[in-house]
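Tertiary structure, described
Okay, here's what each chain looks like letter by letter:
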Amino acid sequence: MGEKRGSIAFSATYRPPVPLDIFSSPLPPTSKLDELLMTDGVSYNYDGQEISSAALKIILKREKLASEGKEADVNSGRLSGMVMVSERGGLETLHIALRFNDNTPRVKVFSFADVFSTFNGVRMEDTGCIAGDYLVYVTTKDPAERRQPWTAVYKTNLKTGNTERLTPKGEADLSPSVQPSGKKIAVASFQKKGGWDGEIEDLKTDIFVMNVEKPFGRKLVITNGGWPTWGSDTVIFFHRKVGEFWGVFRADISNGSNPTTTRVTPDGIHAITPSAINATTVAVATIRQNSGLNDVRAEAQHRHIEIFDSTGQRPTIPITQKTRPKADHFNPFVIDGGKRIGYHRCRSDLLRSGDDIQRESSKLDSPHPEVGLFRVPGIFPTFSQDGTKLAFVDNEFKAVWLADSQGLRIVYETKGPDNIFSPVWSQNAEKDILYVNSGPSFNAAKVLHICAIPNVSSGAQRRVQLTKAFNNAFPSTNPDGTKLVFRSTRDGGDKRYKNLYIMEDAQSGEYGEGGKITRLTNGPWTDTHCQWSPRGDWIVFSSTRDKPKGAPELDNNLDPGYFAVFLVKANDPSVVVRVMASGSNVAGHVNHPFFSPDGKSIVVTADLAAVSVDPISLPLFLHSVRPYGDIFTFDIDPDDIKKNRNVKKFNRITHSRYENSTGTWTMFSTLDPNAAWNMLLKKTFRPSCPYAHGDGGESWHMTGHLCIPKRCC
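These figures come from a predicted structure and were not determined experimentally.

1. Digging into the overall build of the protein chain
Summing up its helical and strand segments, the protein chain has 3 helices and 50 strands in all. By the compact-globule yardstick of 27 Å for 713 residues, the protein chain fits well, its C-alpha radius of gyration being 26 Å. Taken over 713 residues, the protein chain has a buried fraction of 62%. Long-range pairs, those at least 24 residues apart, make up 57% of the contacts in the protein chain with a sequence separation of at least 6. Accessible surface computed for the protein chain: about 26,700 Å², of which carbon and sulfur atoms make up 47%. Taken as two groups, the 86 positive and 79 negative side-chain charges of the protein chain have centres that lie 1 Å from each other.

2. Focus: the nonpolar core
Formed by 33 residues in total, the largest nonpolar core has its most connected members in Ile51, Ile96, Leu98, Phe112, Leu135 and Leu158. Mapped by element, the contributors of at least two residues to this core are strand S4 (45–51), helix H1 (53–59), strand S5 (79–86), strand S6 (93–100), helix H3 (112–116), strand S9 (134–139) and strand S10 (152–157). Not counting residues up to four positions away in its chain, the partners in contact with Leu135 are Val83, Leu94, Phe112, Gly128, Cys129, Ile130, Tyr154, Lys155, Thr156 and Leu158.

3. Examining unusual backbone geometry
Note the cis peptide between Leu27 and Pro28, where omega equals -5°. Positionally, Pro28 belongs in the loop between strand S2 (20–26) and strand S3 (36–37). Not every positive phi belongs to a glycine, and Ser43 is a case in point at roughly 70°. Note on placement: Ser43 falls in the loop between S3 and S4. A relative accessible area of 24% places Ser43 in the partly exposed class. The backbone of Thr127 shows a phi angle near 55°, a positive value even though the residue is not glycine. One can find Thr127 in strand S8 (residues 125–131).

4. Notes on the sheet that holds strand S13 (residues 184–189)
Read across the sheet, 4 strands follow the order S12-S13-S14-S15 without closing on themselves; strand pairing throughout is antiparallel. Edge positions in the sheet fall to strand S12 (173–178) and strand S15 (219–222), since each of these pairs with one other strand and no more. Along the sheet, successive strands turn relative to each other by an average axial angle of 35°, direction set aside. Where S13 lies against strand S14 (residues 206–211), 6 bridges are found, and the strand directions are antiparallel. Pairing of Ile185 across the sheet is with Met210, part of S14.

5. Remarks on the packing of aromatic side chains
Evaluation of the coordinates by the stated rule reveals 12 aromatic pairs. Here Phe238 and Phe249 contribute two aromatic rings whose centre-to-centre distance is 5.7 Å and whose plane-to-plane angle is 15°, an arrangement assigned as stacked. Residue Phe238 is found in strand S17 (residues 235–242), and its partner Phe249 is found in strand S18 (residues 245–252); the two are separated by 11 residues along the sequence. Residue classification places Phe238 among the buried residues on the basis of a relative accessible area of 0%. Aromatic ring contacts, followed pair by pair, group Phe380, Phe397, Phe421 and Phe474 into a single cluster. One residue, Lys155, lies across the ring of Tyr134, its end atom 4.4 Å from the ring centre. The side chain of Arg218 reaches across the aromatic face of Phe208, ending 5.0 Å from its centre.

6. Some words on the confidence of the model for the protein chain
Of the residues in the protein chain, 91% reach a pLDDT of 70 or more, and the chain-wide mean stands at 90. pLDDT under 50 marks residues 685–689. Its contacts with residues more than four places away, or in other chains, come to 26 contacts. The low-confidence segment residues 707–713 (pLDDT under 50) makes 25 contacts with residues lying over four places distant or belonging to another chain.

7. Points about the pairing of S9
With 6 of 6 residues buried, S9 lies mostly within the body of the structure. In S9, alternate side chains face the same way, and those of Tyr134, Val136 and Val138 on one face and Leu135, Tyr137 and Thr139 on the other are all buried. One ladder, built from 5 bridges, connects S8 with S9; its direction is antiparallel. Across the sheet, Asp126 pairs through a bridge with Val138, a residue of S9. Adjacent in sequence and paired antiparallel, S8 and S9 are bridged by 2 residues, among which Gly132 carries a positive phi angle near 65°.

8. Some points on the sheet that holds strand S33 (residues 419–425)
With respect to topology, 4 strands assemble into an open sheet ordered S33-S34-S35-S36, the strand pairing being antiparallel. Taken across any chain shown, the strands that pair with only one partner, and hence form the sheet edges, are S33 and strand S36 (464–465). With 2 bridges connecting them, strand S35 (residues 449–453) and S36 associate as antiparallel partners. In the sheet register, Ala452 faces S36, and the bridge partner there is Val464.

9. Side note on the state of the cysteines
What makes a disulfide is a covalent bond joining the sulfur atoms belonging to two cysteines. For the coordinates displayed, the defined rule picks out 0 disulfides. Sulfur of Cys451: no disulfide; nearest cysteine sulfur belongs to Cys530 and is 16 Å away. Take Cys451: its relative accessible area is 1%, and that puts it in the buried class. Note on Cys530: relative accessible area 5%, which makes it buried.

10. Comments concerning the pattern of salt bridges
A side chain with one charge can pair with a side chain of the opposite charge if their charged atoms come near. A full pass over the atoms with the stated rule returns 44 salt bridges. Between Asp102 and Arg106 there is a salt bridge, and its shortest N-O distance comes to 4.0 Å. A residue is classified by how much of its surface remains accessible, and Arg106, at 39% relative accessible area, is partly exposed. Measuring nitrogen to oxygen at the nearest pair gives 2.7 Å for the salt bridge that ties Arg409 to Asp404. Assessed through its relative accessible area of 5%, Asp404 is described here as buried. Members of the salt-bridge network, linked through shared partners, are Asp21, Glu35, Arg345, Arg347 and Asp349.

Conventions and cut-offs
Residues numbered from 1 in each chain as written. Predicted model: local features only at pLDDT ≥ 70, side-chain atom pairs only at ≥ 80, totals over all residues. Heavy atoms only, no water. Helix = DSSP H or I, 4+ residues; strand = E, 2+ residues; numbered from the N terminus. Rg over C-alpha atoms; globule rule 2.2 N^0.38 Å. Buried < 20%, exposed > 50% of the residue type's maximum accessible area, 1.4 Å probe, protein only. Contact = heavy atoms within 4.5 Å. Areas by Shrake-Rupley, 256 points an atom, 1.4 Å probe, with all protein chains shown as cover. Lys, Arg positive; Asp, Glu negative; His and termini not counted. Charge placed at Lys NZ, Arg CZ, Asp CG, Glu CD. Core = buried A, V, L, I, M, F, W, Y, C linked by side-chain atoms within 4.5 Å. Pairing = 2+ DSSP bridges. Axes fitted to C-alpha atoms, helices over the stretch in contact; angles between N-to-C directions. Phe/Tyr/Trp six-rings, centres within 6.5 Å; stacked < 30°, edge-to-face > 60°. Lys NZ or Arg CZ within 6 Å of the ring centre and 35° of its normal. pLDDT = per-residue confidence, 0-100. Disulfide = S-S within 2.5 Å. Salt bridge = Lys/Arg side-chain N within 4 Å of Asp/Glu carboxyl O.

In structure tokens, the structure reads:
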């Protein structure tokens, strides 16, 4: 039987709630009527690139496409093609879009892997581009060293289907771009700096150039640059952050190791993800004015596509300001020699002001047939111990949703300034109690309470406060539901160190008779994200206790990491073992550990695979919380805690450009009809906050941000 070890549910941030899709506009456009949808409108589609006529004629000879068109259709202009990333099928992989320019235009989409028999299995693919008779692209199919990117550039021969890795073993590349002659490619690489070092916005990659055919002759051409694009066989445009702003630069590499570099876009605006039209002209995504999560953004605060002339002789040409002035647009690409410019954006044009968005759960491909996998449409998913109920909170941290035999509905909602997050069921399913955090999120200086919501399924919406003071979070009960472990700043002093405590009465907390709280851990660190094991003997948690001396307090005003996963005996806090760290020096994040129902594995959120795309190309421009990465699992010995010290082997569960987090594990399969929450995989829910302003402008919700400070609508 498939999925015999149950299912893992998780949440994703920075994934827009409205599907991304690919559009194009003429150069220059005059109105929104000039914009053309480039796909069939199914699923999320993005990062498109034109397929040349010569390559399309070769592709049409593949057995699975032979009936779709002939060379004459390409020559006449009736048939054109595009390679893109699509999420149809449960993965973020390359697809071929064939556009039939008949009286009623239509688009048919095919999986690149199916057409060319390249790879199967769970992976991410990105940045497909034509290089003569090859398609060059990025894939994460190959495991890499711990806390390093799995991204490698491959090429597939369009005639034979033969596929070969171009990135040297042990290195990681991003964002390949093909020389106009098709002979060389440029990549953004971590090679010179020795690998990824934890950057979450500015990767500070370098640009290498290599031949498409052997000998590859790989060499460094540009230091500190990303997202290369060829303007000619000797000119590369790229983006780089200088000071507070991102800019697009032009490098003439005809002199080899001493390129002549000039800035194309002005300082004082953000300019990213260039796509060259020719040696002097480039399409760029810009943000001309900074904004915050609480802003109702003006046109200049949205991400727009513009055309820049590197000689300065011609004015900048706005593209998407003419079509959708208050929407974000991403990652331009050139069509028909620059007659049209492609890009992707959210389908927010389908919304009306005040509309709520129906958000869907997604069943995804799992690398392990014994474990199901799905993404919930909110955050902090949690299953009841008997697997019959699933709860989560919305991205605004204002409402708790429940899926059970009675349907999908809100069971608790807060109207005031407080947020509600991190729900968790009592491990005693008979008690029907959900524990939550209530108060300001992610601010250790503020009071944060642990509360119980009794009789959750009844919808009574009653909340019982269990703590009196301090910042308390991430509760978890013992198996019979009588005690509660949590983390707290009590006894943490001025630096607000966080340690683990046990609430001896999970029903009344500090307000019960005696209100006893027992300290479990004690030290100048952060112990957090705790969960009691199904057998009740151990508690798993994430901690910075092994953070090296001299490590920075903050990085980009966020926690710099050094989180590892530990186990502690519930009845003997002197027995503690470190189970899993991210980097060799404990740098990084391994967070939100959660036991499998059989107690033999732990699921975590971690940066064990670093990054999979250039983060600045995604629908985010500021971080409201520290991003983590992907979902991973590792196996443990459930009988001997000491045998779990420094586990080396882990399993990557998700391969994504988004930030996946807060995994949870249930005994039920996603295919089990007895799990009432399975209906969530077929239905949608409406969050409490609309995503379009009165003028049609997109709110920050459209980027998939966690909108925590206050409602942004």
